[in-house]
Amino acid sequence: MSKPFQPISDVINTSSPKHKQQTFSEIYSEPENFLEVEVRNPQTHGLGSNLYTDYEIVCRTNIPAFKKRNSKVRRRYSDFVTFRKILEQETTRVIIPPLPGKILLSSNKFNDINIEKRRQGLEKFLTIVSGHPLLQTGSKTLIEFIQNEKWDPRSAYY
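Summary of the structure given here. Every value quoted in this text rests on a predicted model; they were computed, and no experiment measured them.

From N to C terminus, the chain includes six helices and three strands. Expressed as a percentage of its 158 residues, the buried residues of the chain come to 33%. Counted over contacts in the chain with a minimum sequence separation of 6, partners at least 24 positions apart contribute 58%. As displayed, the chain offers around 11,400 Å² of accessible surface, 54% of which is attributable to carbon and sulfur atoms.

Right under this line is the structure:
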């Protein structure tokens, strides 16, 4: 003889598993490990053919490998190029993403639209690189680039 009809909800346990209720401080407290990197505030310096733009890198973190919880440094595009080369030499286990391309026409190099596109590209690059767990904990170059105002790329070469 067959069993009497039962609704599917009686057969399958559809209730959600019991979760421990989080406290207010657990919900709104600082995450265990976080790293926020922002590239902002581009400024163009110099005169005539000696113009260049630098960008402010703002870092907020509680990762123990980083020396400072909050930092601000300024970097030029050429610093990013050097930083990327050093990272490629430093590790073979991580694929380092490309930087935004160079601006070829010097007449357009310093207009606001191109500077903003480059800023966005540099921020994307730095967010990807700084978000990699192997680099966060194992790259002194990453930490120095993001946090040291007196970053000297020559000190990274051995």
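With that settled, consider the packing of helix α3 (residues 77–90) against helix α4 (residues 112–130). Viewed as axis vectors pointing N to C, α3 and α4 meet at an angle of 25°, and their least axial separation amounts to 12 Å. The orientation of α3 relative to α4 falls into the category roughly parallel. Where α3 crosses over α4, the handedness of that crossing is left-handed. Every residue of α4 that contacts α3 at Tyr 77, Phe 80, Phe 83, Arg 84 and Leu 87 is listed here: Arg 118, Leu 122, Phe 125, Leu 126 and Val 129.

To continue, consider the pairing of strand β2 (residues 52–61). Of all 10 residues that make up β2, eight are buried, and the element is covered over most of its length. Of the strand pairs in this sheet, strand β1 (residues 35–45) and β2 are connected by nine bridges, and their pairing is antiparallel. Along β2, the bridge assignment pairs His 45 with Tyr 52. Joining the antiparallel neighbours β1 and β2 is a turn of six residues, in which Gly 46 adopts a positive phi near 95°. Here β2 pairs with strand β3 (residues 70–76) via seven bridges, running antiparallel. Across the sheet, residue Ile 57 finds its bridge partner in β3, namely Val 73.

Criteria and thresholds
Residues numbered from 1 in each chain as written. Predicted model: local features only at pLDDT ≥ 70, side-chain atom pairs only at ≥ 80, totals over all residues. Heavy atoms only, no water. Helix = DSSP H or I, 4+ residues; strand = E, 2+ residues; numbered from the N terminus. Buried < 20%, exposed > 50% of the residue type's maximum accessible area, 1.4 Å probe, protein only. Contact = heavy atoms within 4.5 Å. Areas by Shrake-Rupley, 256 points an atom, 1.4 Å probe, with all protein chains shown as cover. Axes fitted to C-alpha atoms, helices over the stretch in contact; angles between N-to-C directions. Parallel < 35°, antiparallel > 145°, perpendicular 65-115°, else oblique. Left-handed = near helix turned anticlockwise from the far one by under 90°. Pairing = 2+ DSSP bridges.

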